[in-house]
Amino acid sequence: MGKLLLVGCGKMGGAMLDGWLSRGLPASEVIVAEPAEALRPNKPGLCAVASSAEVRETPEIVVLAVKPQSMDLVLSDLRRFAEEGAVFLSIAAGKTLKYFRSHLGPSAKIVRAMPNTPAAVRQGITVATAGGGVSEAQKKKCQELLEAVGQAVWIEDEALMDPVTALSGSGPAYVFLLVEAMAAAGTKLGLAPEMAMQLARATVVGSGELLRQSAEPAAQLRVNVTSPGGTTAEALKVLMADDGLQPVFDKALAAASRRSKELAG
Ligand SMILES: NC(=O)C1=CN([C@@H]2O[C@H](COP(=O)(O)OP(=O)(O)OC[C@H]3O[C@@H](n4cnc5c(N)ncnc54)[C@H](O)[C@@H]3O)[C@@H](O)[C@H]2O)C=CC1
Ligand SMILES: O=C(O)[C@@H]1CCC=N1
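Predicted, not measured: the structure shown is a model, and the values here were computed from it.

### Side note on the site of ligand 2
In the neighbourhood of ligand 2, the contacting residues comprise Ala93, Thr165, Gly169 and Ser170. When the residues that make up the shell around ligand 2 are grouped by side-chain class, the tally is 1 nonpolar, 3 polar and no charged.

### Observations concerning the domain arrangement of the chain
According to the domain assignment, the chain contains domain 1 (4-159) and domain 2 (171-262). Distance between the C-alpha centres of domain 1 and domain 2: 33 Å. Considering only residue class, the side of domain 1 that touches domain 2 consists of 2 nonpolar, 3 polar and no charged.

### Quick word on the packing of helix H7 (residues 171-188) against helix H8 (residues 193-213)
Between H7 and H8, whose axes approach to 8 Å, the crossing angle comes to 140°. Of the possible angle classes, the one that applies to H7 and H8 is oblique. In the crossing of H7 with H8, the sense of the turn from one axis to the other is right-handed. Every residue of H8 that contacts H7 at Val175, Leu178, Val179, Met182, Ala183, Gly186 and Thr187 is listed here: Pro193, Ala196, Met197, Leu199, Ala200, Arg201 and Val204.

### Section: the site of ligand 1
Among the 28 residues in the neighbourhood of ligand 1, the closest are listed as Gly8, Gly10, Met12, Ala92 and Ala93. When residues of the shell around ligand 1 are traced back to their parent elements, those giving at least two are helix H1 (11-22) and helix H2 (71-76). The element contributing the most residues to the shell around ligand 1 is H1, with 3 residues. Of the residues that constitute the shell around ligand 1, the class distribution is 17 nonpolar, 8 polar and 3 charged.

### Some points on the UniProt feature "binding site: NADP(+)" (unreviewed entry) in the chain
The UniProt record annotates "binding site: NADP(+)" (unreviewed entry) at Ala65, Val66, Lys67 and Pro68. With respect to the secondary-structure elements, Lys67 resides in the loop between strand S4 (61-64) and H2. Along the chain, Pro68 turns up in the loop between S4 and H2. Residue class for Pro68 comes out partly exposed when judged on the 18 C-beta atoms lying within 10 Å of it. With residues up to four places along the chain from it excluded, the contact list for Pro68 reads Ala92, Ala93, Gly94, Lys95 and Leu263.

### Examining the sheet that holds strand S3 (residues 47-49)
One open sheet holds the 8 strands; their spatial order is S3-S2-S1-S4-S5-S6-S7-S8, and the pairing between them is mixed. The two strands at the open ends of the sheet, each matched to only one other strand, are S3 and strand S8 (150-154). Strand-to-strand twist of the sheet, defined as the mean angle between neighbouring strand axes without regard to direction, takes the value 20°. Here S4 runs beside strand S5 (residues 87-90); their pairing, made up of 4 bridges, is parallel. Paired with Val63 across the bridge in S5 is Leu89.

### Re unusual backbone geometry
Backbone geometry at Arg122 places phi at a positive 60°, although glycine is not the residue there. Relative to the elements of secondary structure, Arg122 occurs in the loop between strand S6 (109-114) and strand S7 (124-130). For Arg122, a count of 16 C-beta atoms within 10 Å gives the class partly exposed.

### What about H1?
Here H1 is 12 residues long and its end C-alpha atoms lie 17 Å apart, about the 16 Å a rise of 1.5 Å per residue gives. Inspection of H1 places Met12, Gly13, Ala15, Met16, Leu17, Gly19 and Trp20 among the buried residues, and these make up the whole buried set. For H1, the elements touching its buried residues are strand S1 (4-7), strand S2 (30-33), S4 and helix H5 (136-147). Positive phi appears at Gly24, one or two residues downstream of H1, with a value of about 105°.

### Topic: the packing of helix H6 (residues 161-169) against helix H11 (residues 245-262)
Put simply, H6 and H11 touch, their axes get as near as 8 Å, and they point 130° apart. Here H6 lies oblique to H11, going by the angle between them. Here H6 and H11 pass one another in a crossing that is right-handed. For the pair formed by H6 and H11, the contact residues are Asp162, Pro163, Thr165, Ala166 and Leu167 on the first element and Leu253, Ala256, Ser257, Ser260 and Lys261 on the second.

Conventions and cut-offs
Residues numbered from 1 in each chain as written. Chains lettered and ligands numbered in written order. Predicted model: local features only at pLDDT ≥ 70, side-chain atom pairs only at ≥ 80, totals over all residues. Near = placed C-beta within 6 Å. Nonpolar A, V, L, I, M, F, W, Y, C, P; charged D, E, K, R; others polar. Domains from an automatic or database assignment. Axes fitted to C-alpha atoms, helices over the stretch in contact; angles between N-to-C directions. Helix = DSSP H or I, 4+ residues; strand = E, 2+ residues; numbered from the N terminus. Parallel < 35°, antiparallel > 145°, perpendicular 65-115°, else oblique. Left-handed = near helix turned anticlockwise from the far one by under 90°. Contact = placed C-beta atoms within 7 Å. UniProt positions renumbered as here; feature names shortened; annotations may be inferred. Buried ≥ 20, exposed ≤ 12 C-beta atoms within 10 Å, placed from the backbone. Pairing = 2+ DSSP bridges. Expected span 1.5 Å × (residues − 1).

Quick look at the structure:
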């Protein structure tokens, strides 16, 4: 034992693999199972196969980075590793510890985690929860894997993984939509589409960096932009009205959280 098996090398699995390798994990310690040839990594020392059925040696950790809808099929071949004591680190939306125990055996060691796509630039945030039987040393190893692509936060209450998925897991999409919506609104006011997109993008990137570097809370950073009687105040009257942005986000996150629960089955 000792190797790491990554099952699924798509957007998230690929980003995590890049993070591990750039953090110094030797490629020879990693096996990747990925059916899509174009996504199967071709790196010196790294063993990449089309299917986990080809993997003989029991890995120390199996990272599950396939779609929730593919999970049943993937697990049918991996139960043998659970029986040998491998730890399973799943990043799949919705799939519960109970679900994994029902497929991998009641004593399977499982960590359920929810990262996000800024992991691709090591700026992700992952929330993780460990099932029974996972030792502190095993948790630490999972934490190292997750921290290779950003921050990692542990929680005890698994039920919170649904709202976590709705907030930080899906959250990057909301921010990108905000960029699209700001650019579209600017275009409607007469800006050329390319210029509107350049301004919207730079504004979100710059604001993100300000948020990262500043000790002030987001609400104060907002106040700092808002000159009394000025332009921002007029926009915020619309965005902060009773039918403004908050009820839209309330509805959107509730829908995502509900979907996370549905994916459990
Ligand atoms: N994309 C995102 O923002 C996030 C995704 N997730 C979770 O990560 C998981 C993967 O999502 P993405 O990377 O976005 O999807 P993806 O579709 O980019 O990657 C999934 C990969 O699994 C591969 N795959 C399918 N069947 C397989 C099998 N039998 N054995 C090995 N590999 C197999 C596919 O070929 C594909 O490359 C999902 O469960 C999703 O819920 C979690 C957090 C954020
Ligand atoms: O949309 C999804 O289901 C996945 C999980 C969080 C982000 N992407």
